[in-house]
Amino acid sequence: MTSDQPRQPLNAPAEITASLRRGRPILYSNPARAYHQAGSAALPAHRAGIEDARARFGRFAPLLAHLFSEVAPHGTIGSRLIEVPGLKASLGGDATDALLLVKADSELPIAGSIKARGGIHAVLEIAERLVLDANLIEDGDYRSLARPEVKAFFSHHEISVGSTGNLGLSIGMVSAALGFRATVHMSDDAKEWKKHRLRAEGATVIEHAGDYAIALAAGREIAAMDPQATFIDDEASTSLLYGYATAAAELAGQLQGAGVVVDEEHPLIVYLPCGVGGAPTGIALGLDAIFGSAAHCFFAEPVEAPCFLAAMAAEEDDLPSVLDLGLSGITEADGLAVPRASRVAVDIARPIIAGAFTVHDDTMLRNLFIAHRDEGLRIEPSAASGLSGPGMLRNSDGGRYHLASSGLGARLKRATEVVWATGGRLTPEYEFEALRARGESVAANPASIGDPDQGVCEDDQAQA
Ligand SMILES: *Cc1c(COP(=O)(O)O)cnc(C)c1O
């Protein structure tokens, strides 16, 4: 490295850990991506898995259209890709800057979040295996699976999952519609309205004292004792991952339809909210398979729960808990309130993604407010974290380092930035209004959070 090359502001794991511990927003540029050469060795297997998921969604589409009127007549689970000029201006972008788009998975049918893609796919894969073994599909018509005798057959099986809320909603709603028994293990601090909604859909909700990792482990253990139960494991399921990954082809089709070119000279920069890492890693994997190194994915996490960033920055075999870093793991972004990342996701994401950044809860609330004010979007706090991406890339020390060292800075004005809005549609009105009002007061008094999108504070710089 020559002396005029920029140095990663936070370099050694210990520096990053110290900075995370102070709870200040940072952007971490992933050094492992530099070694990534046109797809990893595992890419052919992943491509096959993603294609398999896409085909499965296609086979089940007529059944989904039959079971859920909101996806009739085609049965497709998809969302809008929208231009957001008002939001772009509020975030500090001007007309000469990169094109800013929002992928509105916050509006996805059935589950109202990005979990619709992964969760529904995982349930369909289980259902398909069972009905193929039992020879229950009539004349290859998947609508025949809505027959009462098939529902009765499914009712002998339980599908269980650990969830902070949205994965449970996705899996619970589709499992129940097919006739399965559905059990959702949640931490006791999960949002009340999500528990209510799940019970209303016919799912059994079991609450566990402690955080999400504890709920997940308990759910896994209980399901292991029941031969009729299948546990969809948020920390290990490739079925979830490939379901999420199908979003990449949808995005690619929408970009092409809008005449947006993506190649090395016209990079695609995508900001993905991250909990255990399954959803953003699935999408990053899908984008990698389509766009290769022209896609630059950044994961967004709360300052109190940056488990994925911590894992990326740690030694390869280390999977730190944010609790061990002295952080609370507690955040308004309930979908991201996860103490430890998924091993599977970290291993897949490490050679692929551009980096990860952290966001204050107050900044997420401000983002939620302006997304509603400027574009009429209804997103939940988790989903609002991604909106800090463009600012963090341009204004934080880590972001500036990334732009300079990767060469992305020189192509930034020709780039397309996509903020993935991951959830929100099912949020009750009173809940959304309370969050919106809090975001409005943060926006009216930005000094209360400092400059929210300046990545690194002075004492971080002094340390680096
Ligand atoms: C679950 C969730 C995420 C992140 O997904 P992970 O697989 O946990 O990383 C992001 N946004 C929302 C709204 C979610 O529910």
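Rules and cut-offs
- Residues numbered from 1 in each chain as written.
- Predicted model: local features only at pLDDT ≥ 70, side-chain atom pairs only at ≥ 80, totals over all residues.
- Heavy atoms only, no water.
- Axes fitted to C-alpha atoms, helices over the stretch in contact; angles between N-to-C directions.
- Helix = DSSP H or I, 4+ residues; strand = E, 2+ residues; numbered from the N terminus.
- Left-handed = near helix turned anticlockwise from the far one by under 90°.
- Contact = heavy atoms within 4.5 Å.
- Pairing = 2+ DSSP bridges.
- Near = heavy atom within 4 Å.
- Polar contact = N/O pair within 3.5 Å; in protein donor to acceptor, adjacent residues only side chain to side chain.
- Areas by Shrake-Rupley, 256 points an atom, 1.4 Å probe, with all protein chains shown as cover.
- 1 Å grid on protein atoms, 1.4 Å probe; cavity = no way out; pocket = protein on both sides within 12 Å on 5 of 7 lines; lining within 4 Å.
- Sits in = over half its atoms within 2 Å of the grid points.
- Nonpolar A, V, L, I, M, F, W, Y, C, P; charged D, E, K, R; others polar.
- Points joined across faces, edges and corners; volume = space filled by probe spheres on them.
- Salt bridge = Lys/Arg side-chain N within 4 Å of Asp/Glu carboxyl O.
- Buried < 20%, exposed > 50% of the residue type's maximum accessible area, 1.4 Å probe, protein only.
- Patch = residues over 30% accessible without salt bridge, like charges linked within 9 Å, V, L, I, M, F, W, Y side chains within 5 Å.
- Lys, Arg positive; Asp, Glu negative; His and termini not counted.
- Charge placed at Lys NZ, Arg CZ, Asp CG, Glu CD.

S.K.: Explain the packing of helix H4 (residues 115–133) against helix H6 (residues 166–178) to me, using residue names and the numbers behind them.
M.R.: Two elements in contact, H4 and H6, have axes whose closest approach is 8 Å; the angle formed by their N-to-C orientations is 35°. For the element pair H4 and H6, the recorded crossing hand is right-handed. Listed contacts from H6 to Lys115, Ala116, Gly119, Ile120, Val123, Leu124 and Ala127 of H4 are Asn166, Leu167, Ser170, Ile171, Val174, Ser175 and Leu178.

S.K.: Requested: an account of the sheet that holds strand E4 (residues 158–162), with residues and values cited.
M.R.: One open sheet holds the four strands; their spatial order is E6-E5-E4-E7, and the pairing between them is parallel. Each edge of the open sheet is held by one strand with a lone partner, namely strand E6 (204–208) and strand E7 (229–232). On average, adjacent strands in this sheet sit at an angle of 20° to one another, irrespective of strand direction. Judged from the four bridges that link them, E4 and E7 form a sheet pairing that is parallel. Looking across to E7, one finds that valine 161 is bridged to isoleucine 232.

S.K.: Any chance you could break down the site of the ligand for me, citing the residues and the numbers?
M.R.: Taken together, 16 residues surround the ligand, and among them Lys115, Asn166, Gly275, Gly277 and Thr422 come closest. Within the contact set of the ligand, an oxygen atom lies 2.7 Å away from a backbone nitrogen or oxygen of glycine 275. Here an oxygen atom of the ligand and a backbone polar atom of glycine 277 are 2.7 Å apart. Protein burial of the ligand: of its 380 Å² of free accessible surface, 99% is covered by the chains. For the ligand, the cavity whose grid points lie within 2 Å of the majority of its atoms is the largest cavity. Looking at the shell around the ligand element by element, the count peaks at three residues for helix H10 (residues 278–291). Of the residues in the shell around the ligand, the class split is six nonpolar, eight polar and two charged.

S.K.: Report on the pairing of E6, specifying residues and quantitative values.
M.R.: Summarising the sheet, strand E5 (residues 181–187) and E6 pair through five bridges and their orientation is parallel. Looking at the pairing, histidine 185 lines up with isoleucine 206 of E6.

S.K.: Which residues make up empty space enclosed by the protein, and what values do they have?
M.R.: In total, this model carries five cavities of 30 Å³ or more according to the counting rule given. Around the largest cavity, the lining is made up of 25 residues, and of these Lys115, Gly275, Ala279, Gly335 and Leu336 lie nearest the centre. Listing elements by their share of the lining of the largest cavity, those giving two or more residues are H6, H10 and helix H14 (381–384). The leading source of residues in the lining of the largest cavity is H10, at three residues. The calculated volume of the second largest cavity comes to roughly 60 Å³. Where the lining of the second largest cavity is concerned, the elements lending two or more residues are helix H9 (238–257) and helix H12 (343–349).

S.K.: Kindly report on the pattern of salt bridges, identifying the contributing residues and their values.
M.R.: By the definition in use, this model includes 33 salt bridges. Across the salt bridge formed by arginine 181 and glutamate 158, the nearest N and O atoms sit 3.6 Å from each other. Taken together, the positions of arginine 181 in strand E5 and glutamate 158 in strand E4 put the pair 23 residues apart, joining distant regions of the chain. For arginine 181, a relative accessible area of 38% translates into the label partly exposed. When its relative accessible area of 14% is taken as the criterion, glutamate 158 is described as buried.

S.K.: Tell me about the environment of aspartate 397, and please be specific about residues and values.
M.R.: Within the secondary structure, aspartate 397 sits in helix H16 (residues 397–406). C-alpha of aspartate 397 to C-alpha of glutamine 8: the two residues are 389 residues apart in sequence and 8.4 Å apart in space. A polar contact is formed between the side chain of aspartate 397 and the side chain of arginine 400, at a distance of 2.9 Å.

S.K.: Lay out a negative patch on the surface with the relevant residues and their values.
M.R.: Taken together, the side chains of Glu315, Glu316, Asp317 and Asp318 present a region of like negative charge at the surface. As for its position among the elements, aspartate 317 is in the loop between helix H11 (307–313) and H12. When its relative accessible area of 72% is taken as the criterion, aspartate 317 is described as exposed.

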